[in-house]
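What the coordinates show
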Amino acid sequence: MKNALKITPSGDRDLVMTRDFDAPRKLVYDAHTKPELVRRWLLGPPGWSMPVCEMDVRVGGKYRWMWKKDTDGSTMGMGGVYREVEAPERLVSTEKFDEAWYPGESLNTLVLVEKGGRTTLTQTMRYESAAAREAVIKSGMEQGVAASYDRLEAVLASTANVTPR
Amino acid sequence: MQVTHRLDAIFSALADPTRRAIIARLASGQASVNELAQPFAMSQPAISKHLKVLERAGLISRGREAQRRPRRLEAKRLAEADKWLERYRQLWEGNYQRLDTLLDELKAKERKPQ
């Protein structure tokens, strides 16, 4: 059965994503806080890898992520600071892209709720303004066009064969 | 810039639960302000305020009948907003499908520790 991803605008400047995972929340939390796990799934459109994934997961600690497009070598980086760290249920961090196309930084709140071995993830992204939220949604459209489902299947198949370190 | 403001108005308009309910009601046919106010236990001015926001976002329009001036849904505008969100959703769905695969692997590892 498919776990559907829901994304809804909330209030004037929030975006809320919810999705269920067939795993206990400790594992989902690990996948969000251990760099060697994060870099295996947080990749965006097909054709991008994540050569830089540094995370100092504690209150006040910084993180730094960078993605690279395999075909032309172009890069995209972002980073921020952890504001709240409560394993395995809550993680609050700031987020700012190196070449931000929207004003200010966003405040991201990850909440994990476990029920019967399954985990409901709620990720709230609070942007500096309604205009900033919209800029983010519009960029999703541009990248989404490139990410056709066919290629996604290929990525999933290859990911399944990779052994974690 | 124009387009930015329009879409922004749509998302802000849709972020309110009463306005989403009004949209849902209008999806089943046009209705007058009075008819719209009834199920919400709200005063007519309060409803009118919400309708104004929806109108400004281009999500609803007014009919021509002089007395009732029924409001109706502008489905095209709504679909436009949906389209933006859907692309964004696809981008994240790609990430989360990879996460599904990873979690399966982690679960299997936990079951039989080396």
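Below you will find a few notes about this structure. (Residues numbered from 1 in each chain as written. Chains lettered and ligands numbered in written order. Predicted model: local features only at pLDDT ≥ 70, side-chain atom pairs only at ≥ 80, totals over all residues. Heavy atoms only, no water.)

1. Observations regarding the overall build of chain B
Cut-off, in case you're wondering: Only DSSP runs of H or I covering at least 4 residues are called helices, and only runs of E covering at least 2 are called strands; the numbering of each starts at the N terminus. Atoms counted for the radius of gyration: C-alpha only. Globule rule: 2.2 Å times residue count to the power 0.38. Burial classes: relative accessible area under 20% of the type maximum marks a residue as buried, over 50% as exposed, and values in between as partly exposed (1.4 Å probe, protein chains only). Only heavy atoms matter for contacts: two residues are in contact if any of them lie within 4.5 Å across the pair.
Counting its regular elements, chain B contains 5 helices and 2 strands. In chain B, the succession of helices and strands from N to C terminus is α-α-α-α-β-β-α. Expected size for 114 residues packed as a compact globule is a radius of gyration near 13 Å; at 21 Å, chain B overshoots this value by more than 25%. The buried share among the 114 residues of chain B stands at 46%. Sequence-distant contacts, at least 24 apart, represent 51% of the contacts inside chain B between residues at least 6 apart.

2. Comments concerning the packing of helix 2 (residues 17-27) of chain B against helix 4 (residues 44-56) of chain B
Residue and element names in this part refer to chain B. Spelled out, the test is: What counts as an axis is a line fitted to C-alpha atoms, over the stretch in contact for a helix, and the angles between N-to-C directions run from 0 to 180 degrees. Angular relationships are summarised with four words: roughly parallel below 35 degrees, roughly antiparallel beyond 145, roughly perpendicular across 65 to 115, and oblique for the angles in between. Only Asp, Glu, Lys and Arg are considered charged in this grouping, and only Ala, Val, Leu, Ile, Met, Phe, Trp, Tyr, Cys and Pro are considered nonpolar; every other residue, Gly among them, is considered polar.
The contact between helix 2 and helix 4 brings their axes to 10 Å, and the two run at 75°. When the axis of helix 2 is compared with that of helix 4, the two are roughly perpendicular. When helix 2 is examined against helix 4, the residues Thr18, Arg19, Ile22 and Ile23 are found in contact with a partner set consisting of Ile47, His50, Leu51, Val53 and Leu54. Looking at side-chain class alone, the contact of helix 2 with helix 4 contains 6 nonpolar, 2 polar and 1 charged residues.

3. A word on the interface of chain B and chain A
Inclusion rule: Accessible area that two parts lose when put together, with a 1.4 Å probe and added across both, is what the buried area reports. For this document, the term salt bridge refers to a Lys or Arg side-chain nitrogen within 4 Å of an Asp or Glu carboxyl oxygen. Within 3.5 Å is the distance limit for a polar contact, defined as a pair of N or O atoms, with the added protein rule that one can donate a hydrogen and the other accept it, and that residues adjacent in sequence qualify only through two side-chain atoms.
Taken together, the 33 residues of chain B in the interface contact 50 residues of chain A. Here chain B packs against chain A, burying approximately 4100 Å² in sum over the two surfaces, 66% of which is carbon and sulfur. Its largest share of buried area at the contact with chain A, chain B owes to Tyr88, Tyr96 and Arg98 of chain B, together 19% of the area lost on that side. Along the contact surface separating chain B from chain A lie 3 salt bridges. Linking aspartate 100 of chain B and arginine 19 of chain A is a salt bridge whose minimum nitrogen-to-oxygen distance equals 2.8 Å. Across the chain B-chain A interface, the total number found is 6 residue pairs in polar contact (both at pLDDT 80 or more). The set of elements that each furnish at least two residues to the side of chain B that touches chain A consists of helix 1 (2-14) and helix 5 (75-111) of chain B. Residues belonging to the side of chain B that touches chain A are distributed by class as follows: 14 nonpolar, 7 polar and 12 charged.

4. Points about the sheet that holds strand 5 (residues 75-86) of chain A
All names here are of chain A. Short version of the rule: Two strands form a pair only when DSSP identifies at least two bridges running between them.
Strand order in this open sheet of 8 strands is 1-2-8-7-6-5-4-3, and the pairing throughout is antiparallel. The sheet is open, and its two borders are formed by strand 1 (6-10) and strand 3 (48-55), each paired with just one other strand. With direction set aside, neighbouring strand axes in the sheet form an average angle of 20°. For strand 6 (residues 90-97) and strand 7 (residues 106-115), the ladder comprises 6 bridges, and the chain directions are antiparallel.

5. Some thoughts on the layout of surface pockets
So the rule is basically this: Both cavities and pockets are sets of points on a 1 Å grid over the protein atoms alone; in a cavity a 1.4 Å probe fits but cannot get out, in a pocket the set is open with protein on both sides within 12 Å along at least five of seven lines, and lining residues sit with an atom within 4 Å of a point. Grid points are joined across faces, edges and corners, and a volume is the space filled by probe spheres set on the points.
Volume-wise, the largest pocket comes out at about 660 Å³. Ranked by the residues each element gives to the lining of the largest pocket, the list is headed by helix 5 of chain B, at 5 residues. Across the lining of the largest pocket, the residue classes tally to 26 nonpolar, 9 polar and 1 charged. Each pocket or cavity is described by its volume, and for the second largest pocket that value is around 340 Å³. The wall of the second largest pocket is formed by 16 residues, among which Ile7, Thr8 and Pro9 of chain A together with Asp82 and Leu85 of chain B lie closest to the centre. At the level of elements, strand 1 of chain A together with helix 1, helix 2 and helix 5 of chain B are the ones that each hand at least two residues to the lining of the second largest pocket. The dominant element in the lining of the second largest pocket, judged by the number of residues it contributes, is helix 5 of chain B, at 6 residues. Here the residues of the lining of the second largest pocket are counted per class, giving 10 nonpolar, 1 polar and 5 charged.

6. Observations regarding the pattern of salt bridges
Residues and elements named next belong to chain A. In the structure shown here, the tally under the stated rule is 15 salt bridges over all chains. Between arginine 118 and aspartate 22 there is a salt bridge, with its nearest N and O atoms 1.9 Å apart. Remark: aspartate 22 occurs in the loop between strand 2 (14-21) and helix 1 (25-33) and arginine 118 occurs in strand 8 (residues 118-126); sequence separation between them is 96 residues. Residue classification places arginine 118 among the partly exposed residues on the basis of a relative accessible area of 30%. Classification of aspartate 22 by relative accessible area gives partly exposed; the value is 33%.

7. Let's talk about the pairing of strand 2 of chain A
Residue and element names in this part refer to chain A. Of all 8 residues that make up strand 2, 6 are buried, and the element is covered over most of its length. Judged from the 5 bridges that link them, strand 1 and strand 2 form a sheet pairing that is antiparallel. Each residue of the ladder has a partner; that of proline 9, found in strand 2, is leucine 15. By the bridge criterion, 8 bridges tie strand 2 to strand 8 in an arrangement that is antiparallel. Residue pairing for strand 8: valine 16 is matched across the bridge by threonine 124.

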